[in-house]
Amino acid sequence: MTTEPTDPDRAGAASVRPTRAMMERDLASAALGMVVVHDEAGHSVVSMIVRDDMTNGFHITHGGLVFALADTAFAIACNEDERITVSQGADITFLKSTAPGQKLTATARRRVRTGRSGLYDVTVVDDQGDIVAEFRGRSLTTDRTLPPA
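1. Observations regarding the nonpolar core
Formed by 28 residues in total, the largest nonpolar core has its most connected members in Leu69, Leu104, Val122 and Val124. When contributions to this core are tallied by element, the ones reaching two or more residues are strand E3 (43-49), helix H3 (63-78), strand E5 (103-114), strand E6 (117-125) and strand E7 (131-145). When residues of this core are assigned to their parent elements, the largest contribution, 10 residues, is made by H3. Ignoring anything within four residues of it in the chain, the contact list for Leu69 reads Met34, Val46, Ser47, Met48, Leu104, Thr105, Ala106 and Val124.

Right, here's the structure in full:
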């Protein structure tokens, strides 16, 4: 998992929080080439370039991988403190297909967080800014913290 500055004019500036231990351990997101663009409590942006091996039998992006991108943005946004927050459930609506070579970007935003429960919306867009999918995630904050590496 890598990070990149939010503002390309400020490349090298500290415009992104350091990658947290949660994401440093996220081998699935790293294997998919996901890049954390923005990371703050309740809001995150994650991008990914679609590769040939991410397509289905119709040579369009596999829906499960679009879901994985949205789910990663959701995970970053809802893990707002040292307590582990997990998904209670999520659904996604696919609105446009994409193909290899396209960059997908998922933007997650907290809608509400009350007690241990949260609701987050994630919009996935392609490199033209067209909406590819809308994802809604429901979170549950636990009493656990991330164990030492």
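2. Observations concerning the packing of aromatic side chains
Counted under the stated rule, the structure contains three aromatic pairs. An aromatic cluster is built from Phe67, Phe74, Tyr120 and Phe135, whose rings are joined through pairwise contacts.

3. Topic: the pattern of salt bridges
In this structure the tally under the stated criterion is 10 salt bridges. The shortest N-O distance in the salt bridge between Glu80 and Arg110 comes to 2.8 Å. With Glu80 in the loop between H3 and strand E4 (83-94) and Arg110 in strand E5, this pair connects stretches of sequence that are 30 residues apart. A salt bridge links Arg138 to Asp91; the nearest nitrogen and oxygen atoms lie 2.9 Å apart. Here Asp91 lies in strand E4 and Arg138 lies in strand E7, a separation of 47 residues in the sequence. Sharing partners across several salt bridges, the network here consists of Glu80, Asp81, Arg83, Arg110 and Arg113.

What counts as what
Residues numbered from 1 in each chain as written. Predicted model: local features only at pLDDT ≥ 70, side-chain atom pairs only at ≥ 80, totals over all residues. Heavy atoms only, no water. Core = buried A, V, L, I, M, F, W, Y, C linked by side-chain atoms within 4.5 Å. Buried < 20%, exposed > 50% of the residue type's maximum accessible area, 1.4 Å probe, protein only. Helix = DSSP H or I, 4+ residues; strand = E, 2+ residues; numbered from the N terminus. Contact = heavy atoms within 4.5 Å. Phe/Tyr/Trp six-rings, centres within 6.5 Å; stacked < 30°, edge-to-face > 60°. Salt bridge = Lys/Arg side-chain N within 4 Å of Asp/Glu carboxyl O.

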